[in-house]
Amino acid sequence: MVALGDRNIQSENRLTTQTLEIGDETTVMRSLDWDRDRFDIEFGLQNGTTYNSYLVRGDKVALIDTSHEKFRELYLSLLQGEIDPAEIDYLIVSHTEPDHSGLVKDVLALAPNITVVGAKIAISFLENLVHQSFNSQIAKNGDQIDLGQGHVLEFLNAPNLHWPDTIFTYDHKTQILYTCDAFGSHFCTDDTFDANLEALSPDYRFYYECLMGPNARSVLGAMKRMDKLEGINTIATGHGPLLRHNVQELTERYRKWSKEKSKAEKTAAVFYISDYGYSDRLSQAIARGISKTGVAVEMMDLKVADVQEVQELINYVSAFVVTTPPASGRYATVAQTAISQILAAAKSKQIFGVFESYGGDDQPIDPLLTRFKDTGSKEAFSAIRVKDTPTEAIYQACEESGTDLGQKLTLKENIKKIKEIDGDLEKALGRLSSGLYILTAHKGDLNGAMLASWVAQASFEPLGFTVAVAKDRAIESLMQVGDTFVINVLEADNYASLMSHFLKRFPPGADRFAGVKTRTAENGSPILADALSYMECKVVSRMECSDHWLVYSEVTVGKVSKPDSLTAVHHRQVGTYY
């Protein structure tokens, strides 16, 4: 298989396209977005993304997914260079999220006789999206389409991965499984496949945590259906490199991560509205924050919510988060009915949160907030009010709000576990002493800080150290591979005020540095003026350690302000808390 180099097209905005034959009469058409210009929580690593579309040719031809509308001219030119669109028999829509279905209307204009294949919900969504009639075929789990020449396409239901209308498509001839968002990554590279596992892994995990982790039970459900397939040679993803070299390894990571999340003792529900304002993106940030605390998350789209399913979910969960629904329009009645059901089923022992969608026609948030308070439920975090296009700070506030909710759910259980500990092992571990440090980080519009004590030098060449960061710490999102930060060393006999300040519980989105003297490091992170010394660092790798991430970083710059002073030392009694 050889890449068609003469088919690569580049624009001034770092948008490129690429084609490659990935199987018998099977071609991937990749739209490479090197400089993703919109911030969403899932793009936190800022390594761009790709939008992958596929052509499968038998006696009949199927096109699987399209591309983002920003690639309209590039993608349509690429498609027409591969085939006369009028010759395409089927357009398979894995789900209707705009970054995969954004050019469906354009394809219909070029191929008016094409049959659009998708889940029942997807067909309904598309009718509202393209505002024209088209031939359609509903794909149910196990349904097949025979393209001829051995290409038999079988459909698998995969709802909530990460949209409610998602389906997978399996080609029995090539044993390629087309999964759209699942098993993908926002990782833009010329490499079509997953040859460089080490480079791909951080983005693969981050993508899972943002989009798939909050739907862990749905992931496991889809993987049960995948297990019944005769074999998977390649996973053709909707974003990032296709999985071919490490299919077993990377799919088993999904299974392992999802099983761990499904074992959570507490569950929170997050209700959103797909493709309305920024509801889906904001809900992902909130869900990610909740899942960082070890609380399971169930997400439900109010556009397609069944009243019975809403009631069952509310009866099951310990907390819920609800978006403001539209006041009018096609889905207003459905969404408002679902919210009425949530209100009717809510219990006083539950905690809740509310966030605006910024969809242009949101119902007022305050009356909705009052109605939920009237049920006796307690507010987990202050209502998230979105008055403009969401910024990085808004997404971070959403994530931190979700973390606050999760921590409130787990607080009593965590305290109980600590009080029950009285063993010699825990007491012995507590005798490990450590220094006191403040980690500070800056990324885009965001700043973060954390008091740390689990720090140790780890290498001479290059100079490097490790720091353990709890999964539910806000700064964890700013300490991904490639991120930079500063470690400020606190001085013995002069650390109390800084320690007290950074031990405070900050509300979501609060400025951690208000009232603290700082200056800016070369990497943009704050340096504490009263620190004994500081080092500028870059994250090289991360290792998962149960409830913490062990972050290994290289030191690039460092300075000691008081050479004769000593580092503050922290002594504990037991090894089960800080």
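On a predicted model such as this, the values are computed, not experimentally measured, just so you know.

*Asks:* Teacher, can you tell me more about the environment of Gly464 here?
*Replies:* Within the secondary structure, Gly464 is located in strand β23 (residues 464-470). Among the residues examined, Gly464 registers a relative accessible area of 4% and is labelled buried. For the pair Gly464 and Val539, spaced 75 residues apart in sequence, the C-alpha separation works out to 9.6 Å. The contacts of Gly464, once residues within four sequence positions are left out, are Gln457, Ala458, Ser459, Tyr552, Ser553 and Glu554.

*Asks:* Looking at this model, I keep getting lost on the sheet that holds strand β24 (residues 484-489). Mind explaining?
*Replies:* Sheets are built from strands paired through backbone hydrogen bonds, the pairs being either parallel or antiparallel. Pairing is antiparallel across the open sheet formed by seven strands, whose spatial order is β21-β20-β24-β27-β28-β23-β22. With partners counted over all chains shown, the strands left at the sheet margins are β21 (446-452) and β22 (455-459), one partner each. Put simply, the sheet's adjacent strands are angled 35° from each other on average, direction ignored. Pairing between strand β27 (residues 533-545) and strand β28 (residues 548-560): 12 bridges, direction antiparallel. Within the sheet, the bridge partner assigned to Ser533 lies in β28 and is Val560.

*Asks:* I'm lost on the pattern of salt bridges in this one. Help?
*Replies:* Two side chains of opposite charge can pair, provided their charged atoms sit close to one another. Summed over all chains, the structure comprises 27 salt bridges. The shortest N-O distance in the salt bridge between Asp404 and Arg505 comes to 3.3 Å. Taken as a pair, Asp404 in helix α12 (residues 392-420) and Arg505 in the loop between α14 (496-502) and β25 (518-520) lie far apart in primary sequence, 101 residues in all. Taking relative accessible area as the criterion, Arg505 reaches 55% and is therefore assigned exposed.

*Asks:* Help me understand the nonpolar core in this model?
*Replies:* Soluble globular proteins tend to bury their nonpolar side chains together. Membership of the largest hydrophobic core comes to 29 residues, with the highest contact counts inside it found for Phe168, Phe183, Tyr204, Met212, Met226, Leu243 and Tyr254. For this core, the elements supplying multiple residues, two or more each, are β11 (167-171), α5 (197-212), α6 (216-227) and α7 (247-262). For Leu243, the residues in contact, after removing those within four places along its chain, are Phe183, Asp194, Leu200, Tyr204, Asn233, Thr234, Ile235, Thr237 and Leu250.

*Asks:* Is there a simple way to think about unusual backbone geometry in this case?
*Replies:* Residues apart from glycine generally show negative phi values, whereas peptide bonds are mostly found in trans. Put simply, Leu161 and His162 share a cis peptide bond, and its omega is -10°. By the element assignment, His162 lies in the loop between β10 (152-157) and β11. Cis geometry marks the peptide bond from Glu461 to Pro462; its omega dihedral reads 0°. With phi around 55°, His131 is a residue other than glycine that occupies positive phi space. According to the relative accessible area criterion, His131 is exposed, its value standing at 61%. The backbone phi angle of Gln149 is positive, close to 60°, even though this residue is not glycine. Given the relative accessible area of 46%, Gln149 is considered partly exposed.

*Asks:* Even after reading the chapter, I still don't get the environment of Ala139, so can you show me in this structure?
*Replies:* Counting through the fold element by element, Ala139 comes out in the loop between β8 (135-138) and β9 (144-146). Residue Ala139 is classed as buried on the basis of its relative accessible area, which comes to 5%. A sequence separation of 17 residues divides Ala139 from Ala122, and the C-alpha atoms of the two residues are 9.7 Å apart. Discounting chain neighbours no more than four positions away, the residues touching Ala139 are Val117, Gly118, Ala119, Phe155, Asn157 and Ile167.

*Asks:* Even after reading the chapter, I still don't get the pairing of β10, so can you show me in this structure?
*Replies:* In regular strands, side chains alternate between the two faces of the sheet. Most of β10 sits out of view: five of its six residues are buried. Sheet topology note: the β9/β10 ladder contains three bridges and is antiparallel. Across the sheet, the residue bridging to Gln144 is Glu154, located in β10. Here β9 folds back onto β10, and the loop between the two strands holds five residues, one of which, Gly148, carries a positive phi near 90°. When β10 meets β11, the two strands line up antiparallel, connected through five bridges. For Phe155, the partnering residue across the bridge sits in β11 and is Thr169.

*Asks:* What is the right way to look at the packing of aromatic side chains in this model?
*Replies:* Aromatic rings in a pair are described by how distant their centres are and how their planes are angled relative to each other. Overall, the coordinates contain 15 aromatic pairs when judged by the stated rule. The interplanar angle of 85° and the centroid separation of 6.1 Å between the aromatic rings of Phe125 and Tyr331 together place this pair among those described as edge-to-face. Taken together, the residues Phe125 in helix α4 (residues 120-130) and Tyr331 in the loop between β16 (319-323) and α10 (332-345) connect sequence positions 206 residues apart. For Phe125, a relative accessible area of 6% gives the class buried. Looking at Tyr331, the relative accessible area reads 15%, which means it is buried.

*Asks:* Any chance you could explain the sheet that holds strand β15 (residues 296-301) here in plain terms?
*Replies:* Spatially, the five strands line up as an open sheet ordered β15-β14-β16-β17-β18, and their pairing is parallel. Edge positions in the open sheet fall to β15 and β18 (378-379), since each of these has one partner strand only. By the bridge criterion, four bridges tie strand β14 (residues 267-272) to β16 in an arrangement that is parallel. Bridge pairing links Phe271 to Val322 in β16. Helix α8 (residues 279-291) rests against β14, β15, β16 and β17 (351-355) of the sheet, and its axis sits at about 170° to β14.

Conventions we followed
- Residues numbered from 1 in each chain as written.
- Predicted model: local features only at pLDDT ≥ 70, side-chain atom pairs only at ≥ 80, totals over all residues.
- Heavy atoms only, no water.
- Helix = DSSP H or I, 4+ residues; strand = E, 2+ residues; numbered from the N terminus.
- Buried < 20%, exposed > 50% of the residue type's maximum accessible area, 1.4 Å probe, protein only.
- Contact = heavy atoms within 4.5 Å.
- Pairing = 2+ DSSP bridges.
- Axes fitted to C-alpha atoms, helices over the stretch in contact; angles between N-to-C directions.
- Salt bridge = Lys/Arg side-chain N within 4 Å of Asp/Glu carboxyl O.
- Core = buried A, V, L, I, M, F, W, Y, C linked by side-chain atoms within 4.5 Å.
- Phe/Tyr/Trp six-rings, centres within 6.5 Å; stacked < 30°, edge-to-face > 60°.

From the geometry alone we can't say anything about function, so treat these as descriptive.
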